[in-house]
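Residues per chain are reported as follows:
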Amino acid sequence: MDVNDTQGNGPDEEPTVEGPQAPPGEPAPKRLTRSRGDRVVGGVCGGLGRYFNVDPLLFRIGAVALVFLGGAGILLYLAALLLVPNEDQAAPIAPGAQGRNRALVVAAVVVLLIVAWPFLLFGGALFAGIGIPLALLVGAGVLVWWLVSGEGPSGSAGDIARRAALGVAVVIGCFVLFLVAGFGAAAGPDWLIPALVVAAGGAIAAGAFLKPVRWLVPPALTIALAAGVVAAADIDFDGGIGQREYRPGSSVDLRDHYDVGIGQLVVDLRETDLPKGDVPLDLDVGIGEAHVIVPDDVCVATDADVGMGNVALFGRDHGGVDVAYEDAPDAKPTTTRLLLHADVGMGQVRVNDSRGELYFDEHEFGPFHDDDPDLTPAQPAACVTG
Amino acid sequence: MRARPDIPALVAGLAVLALGGVLLLDSLDAIDLTFAVFAPVACAVAGAILVANGLSRER
């Protein structure tokens, strides 16, 4: 945008207040204002480009670069958003104030840069760790409110802050609804939440002919998303919540099925007197970890399904979504083979022997951890290899 | 009764209805829903709603 456009001569621009009429022959005093016509977020870079008569794109690139170099861009942009008025709200300036205004802007920029510089040098990562998620949250809030209400990111800083706050409130409300709906889908009857989604869809469609109920779309989508995640991960909360640890003494004490809704399920078979041949074991965890510890002389055949998470089998890690891992080695004669079937919605299936316990104690191990063949223990020697 | 239906609301309603139908089929064990299926379906539903909303605003 050209500087002359600020005089209100642009074909699609609102007239702007630029102060009292300048005497004939003298240019009107320039003011730093946030641009109405050339804005991506708040019009700060557009206004700076017009003020300094350079392409606003340069300021935008600089602002984005500063965001990723410690978050100073966010600080400066927020300060400009609060301090610099919109071009249609700029108060007239007195003659002679132009120099003072420019000096104030330069001083403010210098002070902000001095304040931001230590963050860039020493605390960049820390500042970015707080600033970037905060900026993303505010940005998401503005975007969500824009989508929900149709009110875009325009107006004064107060208007933008209000819309961002309302948008963040919608995001938080949807998150709470997501959790509640997810719990309902996992704990209640399978058909209940899907039926609610169908009913909401029908109400929205019928409302299009009678009285639109667009406000129902975000909660309906949130509930559907929660139910979809629960269904895709095959999560159910049978078995309750908490940590369950089982150490059966003999095969008589060993149940063929263990389950936990949310939490950790540990089946420690190191002290169990297992019979020779195949021994079935079925584990079901909604969200959490299913952990089996076997004696060193037992071979394990694994059939594991994980909706979202990983299978760590004797230190070998297989992670992602829709994980279906199957490993069915033969056992050596006169040894025990554990036929493990594990079903985890979100979380981890972990199988190891006593060597693995030492390994896990000494090495940090978690989802999606890179394997190290030199360190990770292999399938027990009770299995037939090759 | 409105003279003309609110198209974005109609598209959103039908999209949510379709998504609910997929979930209902899974709950009745008619299909086996996985993330590989659900993720594209959810994105398509969200995309259809956004496109319908955007097109209605351009008019």
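Definitions and limits used
- Residues numbered from 1 in each chain as written.
- Chains lettered and ligands numbered in written order.
- Predicted model: local features only at pLDDT ≥ 70, side-chain atom pairs only at ≥ 80, totals over all residues.
- Heavy atoms only, no water.
- Helix = DSSP H or I, 4+ residues; strand = E, 2+ residues; numbered from the N terminus.
- Buried < 20%, exposed > 50% of the residue type's maximum accessible area, 1.4 Å probe, protein only.
- Contact = heavy atoms within 4.5 Å.
- Areas by Shrake-Rupley, 256 points an atom, 1.4 Å probe, with all protein chains shown as cover.
- pLDDT = per-residue confidence, 0-100.
- Salt bridge = Lys/Arg side-chain N within 4 Å of Asp/Glu carboxyl O.
- Buried area = accessible area lost by both parts, 1.4 Å probe.
- Polar contact = N/O pair within 3.5 Å; in protein donor to acceptor, adjacent residues only side chain to side chain.
- Pairing = 2+ DSSP bridges.
- Phe/Tyr/Trp six-rings, centres within 6.5 Å; stacked < 30°, edge-to-face > 60°.
- Axes fitted to C-alpha atoms, helices over the stretch in contact; angles between N-to-C directions.

Considering the overall build of chain A
Point 1. The helix and strand inventory of chain A stands at nine helices and six strands.
Point 2. Among the 386 residues that make up chain A, the fraction classed as buried is 41%.
Point 3. Considering only residue pairs separated by 6 or more positions, chain A has 65% of its internal contacts joining residues 24 or more positions apart.
Point 4. Here chain A displays about 19,600 Å² of accessible surface, and carbon together with sulfur accounts for 65% of that area.

Focus on the confidence of the model for chain B
Point 1. A residue-level look at chain B finds 90% of positions with pLDDT of 70 or above and a mean pLDDT of 87.
Point 2. Two numbers describe this predicted complex: its pTM, 0.61, and its ipTM, 0.93.

Let's talk about the pattern of salt bridges
Residues and elements named next belong to chain A.
Point 1. Summed over all chains, the structure comprises eight salt bridges over all chains.
Point 2. The partner of D38 in a salt bridge is R60, with the nearest N and O atoms 3.1 Å apart. Taken together, the residues D38 in the segment before α1 (44-52) and R60 in helix α2 (residues 56-68) connect sequence positions 22 residues apart.
Point 3. For R247, the salt bridge goes to E245, with nearest N and O atoms at 2.4 Å.
Point 4. Here the salt bridges do not stand alone but share partners, grouping E245, R247, D268 and R270 into one network.

Section: the interface of chain B and chain A
Point 1. Taken together, the contact between chain B and chain A spans 31 residues of the former and 33 residues of the latter.
Point 2. Carbon and sulfur atoms make up 75% of the surface buried where chain B meets chain A, a total of about 2,600 Å² over both sides.
Point 3. Taken together, chain B and chain A are joined by one salt bridge.
Point 4. The shortest N-O distance in the salt bridge between D6 of chain B and R214 of chain A comes to 3.1 Å.
Point 5. At the junction of chain B and chain A, the tally comes to five residue pairs in polar contact (both at pLDDT 80 or more).
Point 6. Of all the secondary structure elements, the ones that give two or more residues to the side of chain B that touches chain A are α1 (7-27) and α2 (35-58) of chain B.
Point 7. Top contributing element to the side of chain B that touches chain A by residue count: α1 of chain B, with 15 residues.

Considering the pairing of strand β6 (residues 336-352) of chain A
Residues and elements named next belong to chain A.
Point 1. Taken across its 17 residues, β6 has 13 buried, putting it largely inside the fold.
Point 2. Pairing of strand β3 (residues 277-293) with β6 involves 16 bridges; the strand directions are parallel. Paired with V285 across the strands is V344, a residue of β6.
Point 3. Sheet analysis places strand β4 (residues 298-313) next to β6, joined by 15 bridges and oriented parallel. Paired with N310 across the strands is Q348, a residue of β6.

Concerning the packing of aromatic side chains
Ring pairs (aromatic) are described by centroid distance and by the angle formed between their planes.
All names here are of chain A.
Point 1. With the rule as written, the count across this model stands at two aromatic pairs over all chains.
Point 2. Judged by centre distance (5.3 Å) and plane angle (50 degrees), the rings of F183 and F237 are tilted. Of this pair, F183 sits in helix α6 (residues 157-187) while F237 sits in the loop between α8 (217-233) and β1 (241-246), and the two are 54 residues apart along the sequence.
Point 3. Given the relative accessible area of 14%, F237 is considered buried.
Point 4. Each ring, one from Y246 and one from Y258, has its centre 4.6 Å from the other, and the planes form 50 degrees; the classification is tilted. With Y246 in strand β1 and Y258 in strand β2 (residues 257-268), this residue pair connects regions lying 12 residues apart in the sequence.

Overview of the sheet that holds β1 of chain A
Residues and elements named next belong to chain A.
Point 1. Spatially, the six strands line up as an open sheet ordered β1-β2-β3-β6-β4-β5, and their pairing is mixed. The open sheet has two free edges, formed respectively by β1 and β5 (316-327), since each of these has just one partner strand. Taking each pair of neighbouring strands and ignoring which way they run, the sheet shows an average axis angle of 10 degrees.
Point 2. Bridging between β4 and β5 involves 11 bridges; their strand directions are antiparallel. Considered in β5, the bridge of D303 is made with E326.

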